[in-house]
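Structural characterization, general
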Amino acid sequence: MPQNTPQASPALRKPPGPDAPSSTFAPLVELLLAELEACGQADGLRQPPLTLEAFTRWYLDVVQRLDAYLAVGADHAPMARGEVELMCRCALSAADLREVIAICERFAGMLQPRAGRIRLESAAERASFRLDSLRGQPSTAGSLVDITGLFAFLQLFQWLLGRELPLEQVRIGPIRRNDVLPFLRLFRAPVLAGGEDYALDFAAAALDLPVVRNPSEFTEFFHSFPCAVFGVRGHSLPGQVAALLSAALRHGAPLPSQGQLAEGLGLPLSTFRRRLRQGGSNYRALREAALRNGACEALAQPDRRVGDIAAGLGFADAASFTRAFVQWFGVPPGVWRDQFLQKDPARGGENKH
C-alpha cells in the first residue's frame, strides 16, 4: 500500500521566497521537513536559506539528521563523512566508470554493513548500479536517506566523467511513494517505486567512459556533496518533460497538464511553452509521444489486457484507445502485439486481448 508522508506544521512549511533556489523544489523541501517532524528531528532546524550554497548545507543537515535517527536502535552506525570522502578520493584514481564502481563496491565491502552493499550488473546493452543500504525494516525516512544516497553516487559518477550519465530509469526501493515528483527533478529519468532495491539503469556503453577529473578539483566538488541538487542544470526542457510524462505513465498516474508541469518545474506557464518551442517541441507532441511509447511498452507484456492498458493510459475505453493506436501505427493493438511477439518469442505466452 502507498505510504503518505505526514504534513509538516505551517511554521516549518513556510517557503523562503519566490526567488530562492528552494522555492523551485518546494515539494522536496516540504517532504523533508514533514519527515523530520514525523521523526521528532525538526527541533532547532532553521528555515531553508536563500542562497544556493547555504541551501545545500541545510539539505545536508536534514539528511544527516534522518540518518542519525535511523541509526538509533540499529545494529550499525551510518557511514561517517570522512569515510565517504575517502571512498570518493579512491574512486578518483579509476580509469573509467566500470573501475569507479568496482572501487566503490570494494570500499563498501570493507565497511559492511555501514556502507551498505553495492553491485554492478551488466548485460549486452544495459548496466545496473544497485545499492542496498541493508536496513532491517523499510520506512519512509529510510527511503529518503537511501534515495539521497543513490543520487549521491549519480553525482559522483557524473562529476568524475565530466558528463551526464545516460540514465534509462531509476528504481527507488520498496516504499511506494505518492510524493515521487520531486525525485524526478533530481534524476531526470523515469523513476520507479515499489521494487526490491535502489538502482540506476543506464546504457552499458557508459561503463567505458573515462574519468576526466584530477585531484586538484576534488575539494570544491566535495564541499557540497552529496546535496548540490539545486543548481541550474543545462538540459533541454523537452527532454525533461518527456521524462516526467514517461514516469507518470509508469506509475499509473494521470499525465500532468502543462500547468502542473510548469509549476513543478518552477516556471511560469508562458515561459514553459516558449522554452518548449525553442527546444523544437510542444506539450501536445510530447504528450502524444509519451502515450505512444507507453502503449507499446504495455502491449509488449503478453498478460496485459488491451482494456486495462487503455484505462492506464487515460483513454475513455478500449475503442477510443484502438482508434488512436491505429492512427499512430496503422494496425490495431492486438495485431501490433502479435507482430511484436513473433519478432521476440522470449516475450511470448498467452495473449489477453
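Report on the accompanying structure. (Residues numbered from 1 in each chain as written. Predicted model: local features only at pLDDT ≥ 70, side-chain atom pairs only at ≥ 80, totals over all residues. Heavy atoms only, no water.)

What follows covers the overall build of the protein. Secondary structure summary: the protein contains 16 helices and five strands in total. In the protein, which comprises 353 residues, the share counted as buried stands at 47%. Put simply, 68% of the contacts in the protein that link residues at least 6 apart link residues at least 24 apart. With an accessible surface of roughly 17,300 Å², the protein has 51% of that area assigned to carbon and sulfur atoms. (Helix = DSSP H or I, 4+ residues; strand = E, 2+ residues; numbered from the N terminus. Buried < 20%, exposed > 50% of the residue type's maximum accessible area, 1.4 Å probe, protein only. Contact = heavy atoms within 4.5 Å. Areas by Shrake-Rupley, 256 points an atom, 1.4 Å probe, with all protein chains shown as cover.)

This part takes up the packing of aromatic side chains. Within a pair of aromatic rings, the relevant descriptors are the distance that separates the centres and the angle that separates the planes. What the rule picks out here adds up to 16 aromatic pairs. Three or more aromatic residues joined by ring pairs make a cluster, and in this case those are Phe 315, Phe 321, Phe 325, Trp 328, Phe 329, Trp 336 and Phe 340. (Phe/Tyr/Trp six-rings, centres within 6.5 Å; stacked < 30°, edge-to-face > 60°.)

This part takes up the pairing of strand 3 (residues 167–172). With five of its six residues buried, strand 3 lies for the most part within the structure. As paired strands, strand 3 and strand 4 (residues 191–192) are joined by two bridges and run parallel to one another. Within strand 4, the residue paired with Val 170 across the bridge is Val 191. (Pairing = 2+ DSSP bridges.)

Another point: helix 5 (residues 81–91). Among all positions of helix 5, only Val 84, Met 87, Cys 88 and Ala 91 are buried. Looking straight down helix 5, one finds that the buried residues subtend no more than 95° of arc, so they occupy a single side. (Arc of directions from axis to C-beta.)

A cluster of basic side chains, namely Arg 273, Arg 274, Arg 275 and Arg 277, defines a positive patch on the protein surface. Its place among the elements puts Arg 274 in helix 12 (residues 269–278). (Patch = residues over 30% accessible without salt bridge, like charges linked within 9 Å, V, L, I, M, F, W, Y side chains within 5 Å. Salt bridge = Lys/Arg side-chain N within 4 Å of Asp/Glu carboxyl O. Lys, Arg positive; Asp, Glu negative; His and termini not counted. Charge placed at Lys NZ, Arg CZ, Asp CG, Glu CD.)

The final tally for this structure, using the stated rule, is ten salt bridges. Glu 121 is the salt-bridge partner of Arg 130, the closest N and O atoms lying 3.0 Å from each other. By relative accessible area, which is 33% here, Glu 121 ends up partly exposed. Across the salt bridge formed by Arg 213 and Glu 217, the nearest N and O atoms sit 3.0 Å from each other. Each member of the salt-bridge network shares a partner with another, and the members are Arg 126, Glu 168, Arg 171 and Asp 201.

So, to be careful, I would describe these as geometric facts and stop short of saying anything about function.
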